[in-house]
Amino acid sequence: MASEYEIKGATEAQNQLVQEIAHKFSVSDEHLVELADEVHRYLTNGLISDDEAMGLPSRVSYIKSGITDDIRDAKRAGSVALGLTINTSTRRMKIASVKFARASPDIINKQVFHIKDGLPSATQLCEQAATHIAQFINTHGVLPADAARAPTALPLGVTIDLPLEETSKSGGRVVCDSRACDGFFRNVDIAQALNSAMLRQHLPVRVTSTTNCVISTMVAAQHHFQSTCTALILNHGINASYYEAARKIPKISGTELGQSAARVAINTELARFGENSRVVQPTMWDHRIDRESGNTGYHVFEKLVADKYLGEIVRNLITDFMDAQLIFARDTDVTTFSEPYTFFTSYMTIMEDSSADLHEVGDLLKAGFNVDASYVDRQIVRSLCHIVAMRAAKLVGGAVAGVIRKATEAMDTPEPAVVSISGQLTDMNQPYVECTIETAQRVAAKLKLAEPVFNVLGEDGYTVGAALSSFSK
């Protein structure tokens, strides 16, 4: 570890602080196996009740693993569907259409719209969404000329990046609890509100599916890799899903779904892992970010690994170097570094700078913070980015191994798990993704599981997945 992060030309104090940080952020394979075991235990407990103290919510979806058959039927029929993503973290809506052309390649169109600021209610948001759907349909010629007289409406799958309880095959409500509540969506059935808005605009479109983004990601992956059983989203937040045998879910045992032979999609809400954990070990910098986050003690694991927080962890490490006067010239104006969340996670791509003078690191510090950084300064910043990113990737890999173990147990005949990864970090930080996959495979081997296969969908798999989910029967 010491040689990996040795800073050339640095003082002993500078190198010592880098090594101390590297040590505190290091994660052993033994710890990762414990992490995977605890995630597996939390998932098992979550199938008993949404509110298990040592469990994850593990919310049951109406999407079944057999949706590949539904999609195949839709392809034979040359069907068309729409997908809508409501992304609250980035204030964007994404719309996609999927048109099957039998023997020809699928025709897919996509468009992004920004959510207006100051919308007073979810009802108004649905009105805006209906307007954008109308614009999208007209722009891309999705509907045939006689669509208004068609006997059935165009199916629309909706997916959202918030915790969701699916209330029916088509409807869903954002989950609101005492610790993390988006009151904007309180008591709103998204399908009902959006259908009403589309009716008022005379659109021949109806919501047939409402899911969390991690479920639609898994459906999109299945369209390309049919045996996909697990999905991971690496976005502003983090989440994972997998297929579970309905008969093994105690909390739905009295329902028709719970008595069926189906395997149903589970939204694990992995972001909530870490609360009451005996394994997750935050550093002092993680505790600082948690304390200042506005939701202290909540989403503990997510704050160690997700896009929203990684850059802020690096910024806190840099400010510690500044306070110790171990980075940047004494007369440097470092005001911007003192402002929270000014070091964006996207900046961490500089950890890949392999130029002789690390000019990419220097250019970023100059452009983003008006700092003229020495070669030693650049090495320190690059090392801190790498330390934080690799710890996060290893932790995610260990957690995913726990999800893979649960997905494997749900199979009729155990086979290598096929895992899909989607989200902003897949496009933004390739070493992070590679380390996540390598760690998950290594931990899976220690758990005596077959080596999982990973496929990377990129950032926007879930919008197409929403459209495909609309075909679910």
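Being a predicted model, the structure only gives us computed values, none of them experimental. Residue indices begin from 1 for each chain and proceed along its sequence in written order. With the structure being a predicted model, the display of local features is reserved for residues of pLDDT at least 70 and the display and counting of side-chain atom pairs for 80 or more, all residues being used for whole-chain, interface and lining totals. No hydrogens and no water enter the side-chain calculation; it runs on all heavy atoms of the structure.

Draft legend 1. Focus on the pairing of strand β12 (residues 418–422). When a residue's accessible area, from a 1.4 Å probe over protein chains only, is under 20% of the maximum for its type it is buried; when over 50% it is exposed; and in between it is partly exposed. A run of DSSP states H or I qualifies as a helix once it reaches four residues; a run of E qualifies as a strand once it reaches two. Both are numbered from the N-terminal end. In terms of burial, β12 is a largely internal element, five of the five residues being buried. Burial along β12 is two-sided: the face carrying Val418, Ser420 and Ser422 and the face carrying Val419 and Ile421 are both buried. Bridging between strand β9 (residues 228–234) and β12 involves five bridges; their strand directions are parallel. Bridge pairing in β12 links Ala231 to Ser420. Only strands joined by at least two bridges in the DSSP assignment are considered to pair. Bridge count for β12 against strand β13 (residues 453–458) is five bridges, and the pairing is parallel. Looking at β13, one finds that Ser420 is bridged to Asn455.

Draft legend 2. Structural context of unusual backbone geometry. Unlike most non-glycine residues, Glu269 shows phi in positive territory, near 55 degrees. Structurally, Glu269 can be placed in the loop between β11 (263–267) and α7 (284–291). Residue Glu269 is classed as buried on the basis of its relative accessible area of 6%. Phi is positive for Phe328, close to 70 degrees, though the residue is something other than glycine. Following the sequence through the fold, Phe328 ends up in the loop between α9 (307–323) and α10 (359–369). Take Phe328: its relative accessible area is 9%, and that puts it in the buried class.

Draft legend 3. Examining the sheet that holds β11 more closely. Strand order in this open sheet of six strands is β1-β11-β10-β9-β12-β13, and the pairing throughout is mixed. Two strands close off the open sheet at either side, each with one partner strand: β1 (59–64) and β13. If you compare each strand with its neighbour and ignore which way they point, the axes differ by 25 degrees on average. Contact definition: two residues touch when any of their heavy atoms are within 4.5 Å. Each axis is a line fitted through C-alpha atoms, taken for helices only over the stretch in contact, and angles between the N-to-C directions span 0 to 180 degrees. Helix α13 (residues 430–446) contacts β9, β12 and β13 of the sheet and is inclined by roughly 155 degrees relative to β13.

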